[in-house]
There are 2 protein chains.
Amino acid sequence: MSPAGRRPGKTDTRSAVLDAARECFADNGYDGTTIRAIARKAGVDPALVHHFFGAKAELFVAAVDFPFSPRAMLATLLEANAADAGELILRQFLALWDDPTTRRRLLAVVRSAVRYEAAAVILRTFLDRELIGTFVRALDAPDADVRATLVGSQLIGLAMARYIVKLPPLATASTEQLVAAYAPTLQRYLTGDVGIV
Amino acid sequence: MSPAGRRPGKTDTRSAVLDAARECFADNGYDGTTIRAIARKAGVDPALVHHFFGAKAELFVAAVDFPFSPRAMLATLLEANAADAGELILRQFLALWDDPTTRRRLLAVVRSAVRYEAAAVILRTFLDRELIGTFVRALDAPDADVRATLVGSQLIGLAMARYIVKLPPLATASTEQLVAAYAPTLQRYLTGDVGIV
């Protein structure tokens, strides 16, 4: 028995499934990949893949090392008072980027989406099907998909300016300063008049 | 005489200066590069470099094939009624990205900044010294540098979502829909209460 008390076979199976998932998503995109195909490539039973990773979205999150779960974001939104949702999403997003470990993983996702058209397509489909879908269900409004992408566009721009290009005033601003500047924007995108339906 | 009526020597000198400028900016960064050093590397007189390209910022814009000039943006801001500046900047930005030629050049700038730390540093210094400096002079407010980066963060996020990741509702939205959604954000960043000073 290993010191951590886990059978080595379990770790091997997990990484075989993750390797198979990365290959399948890269070759066939997000929509073209099934749990069944990943299980076949990894030489395991589909039920085992479900057992380890849950649904396809969760397996994708694990395979690309995406450092947050759409389901956790949904929980935040559902728990939030609608009037606070913009601020809560912003604080959660900043916490992910301000942590050096998750920042490194987020940077890798952004870099591959900007470099490779195929990675951008897979990320887009994932965001569209899972993250935006999650928002849409949480917001329960006819224009929720537009609102979700407006929020996303401000968050990714903030990440580019603060963590990638590192523009001086944003790179060194405190969380509270960023909340003062950006929370009203996100709140308007979520629940205000945005003129697009 | 060539059909276009330009002496071949002039074109050769221009491209020698641009090549020298790219090397100098890559080796020594934006701040560490002088017109004099570029002229020396290109084997021409500094006055000739000034004559062809103007100031260092304009030469940088030409060398990296940056598809817009900070001076043109300054002109827009100065001509604009302060209450319309957000919408005007947005329309100018969308026109640059919606044109396939300038879009290709902007994509190259974004890609190199995301891929190479050195390119991000040079872009940051350029944006900070020239573009943000330009905004600061135009806005003439103590927190103009913060306001400029807030505007920039929303514009780059819009570009990432619409033109790089191509999220469905944003990728296909009309200019008027984007103006309805984003112009109020940019206007608040330029002239509203943003809580950071």
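Residues numbered from 1 in each chain as written. Chains lettered and ligands numbered in written order. Predicted model: local features only at pLDDT ≥ 70, side-chain atom pairs only at ≥ 80, totals over all residues.

Asks: Explain the environment of Phe66 of chain B to me, please; I cannot follow it from the model alone.
Replies: Residue and element names in this part refer to chain B. Here Phe66 shows up in the loop between α4 (56–63) and α5 (70–79). For the pair Phe66 and Gly29, spaced 37 residues apart in sequence, the C-alpha separation works out to 16 Å. Dropping the residues within four chain positions of it, Phe66 is found in contact with Val61 and Val109. (Helix = DSSP H or I, 4+ residues; strand = E, 2+ residues; numbered from the N terminus. Contact = placed C-beta atoms within 7 Å.)

Asks: Looking at this structure, how should I read helix α9 (residues 144–164) of chain B?
Replies: Within an α-helix, residues lying three or four positions from one another point in the same direction, as the helix has 3.6 residues per turn. Residue and element names in this part refer to chain B. If you check α9, its first and last C-alpha atoms are 29 Å apart, about what 21 residues at 1.5 Å a residue would give, namely 30 Å. Most of α9 sits out of view: 18 of its 21 residues are buried. Looking at the residues trailing α9, positive phi occurs at Lys166, about 55°. (Expected span 1.5 Å × (residues − 1). Buried ≥ 20, exposed ≤ 12 C-beta atoms within 10 Å, placed from the backbone.)

Asks: It is not clear to me how the relation of the copies chain A and chain B should be interpreted in this structure. Could you clarify?
Replies: One copy of the chain maps onto the second through a rotation about an axis and a displacement along it. For the pair chain A and chain B, the best superposition has an RMSD of 0.1 Å and corresponds to a rotation of 180° with a translation of 0.0 Å parallel to the axis. Seen this way, the second copy is the image of the first under a two-fold rotation axis. Nearest to the rotation axis, the C-alpha of Gly157 of chain A is located 1.7 Å from it, this being the minimum over chain A. The fraction of interface residues of chain A whose copies in chain B are also interface residues reaches 100%, indicating that both copies meet through the same surface. (Least-squares fit on C-alpha atoms with pLDDT ≥ 70 in both.)

Asks: In this structure, what is going on with the packing of helix α7 (residues 100–115) of chain A against helix α7 (residues 100–115) of chain B? I would like to understand it.
Replies: The geometry of a pair of packed helices is captured by two quantities: the angle between their axes and the separation between those axes. Across the interface, α7 of chain A lies against α7 of chain B with an axial gap of 9 Å and an inter-helix angle of 145°. Judged by the twist between their axes, the crossing of α7 of chain A over α7 of chain B is left-handed. Of the residues in α7 of chain B, those in contact with Val110, Arg111, Val114 and Arg115 of chain A of α7 of chain A are Val110, Arg111, Val114 and Arg115 of chain B. (Axes fitted to C-alpha atoms, helices over the stretch in contact; angles between N-to-C directions. Left-handed = near helix turned anticlockwise from the far one by under 90°.)

Asks: I keep staring at the interface of chain A and chain B and nothing clicks. Help me out?
Replies: How big an interface is tends to be expressed through the accessible area that disappears when the partners come together. Of the residues lining the interface, 38 residues belong to chain A; the matching set on chain B comes to 38 residues. The set of elements that each furnish at least two residues to the side of chain A that touches chain B consists of α7, α8 (117–139), α9 (144–164), α10 (168–171) and α11 (175–191) of chain A. In terms of residue class, the side of chain A that touches chain B is made up of 24 nonpolar, 8 polar and 6 charged. (Nonpolar A, V, L, I, M, F, W, Y, C, P; charged D, E, K, R; others polar.)

Asks: Sorry if this is basic, but what is going on with the domain arrangement of chain A here?
Replies: Residues and elements named next belong to chain A. One can read the domain layout of chain A as domain 1 (8–63) and domain 2 (70–191). A C-alpha centroid distance of 26 Å is found between domain 1 and domain 2. Facing the 7 residues of domain 1 at the interface are 8 residues of domain 2. Within the residue set of the side of domain 1 that touches domain 2, elements represented by two or more residues are α1 (8–28) and α4 (56–63). Among the residues forming the side of domain 1 that touches domain 2, the class breakdown is 5 nonpolar, 1 polar and 1 charged. (Domains from an automatic or database assignment.)

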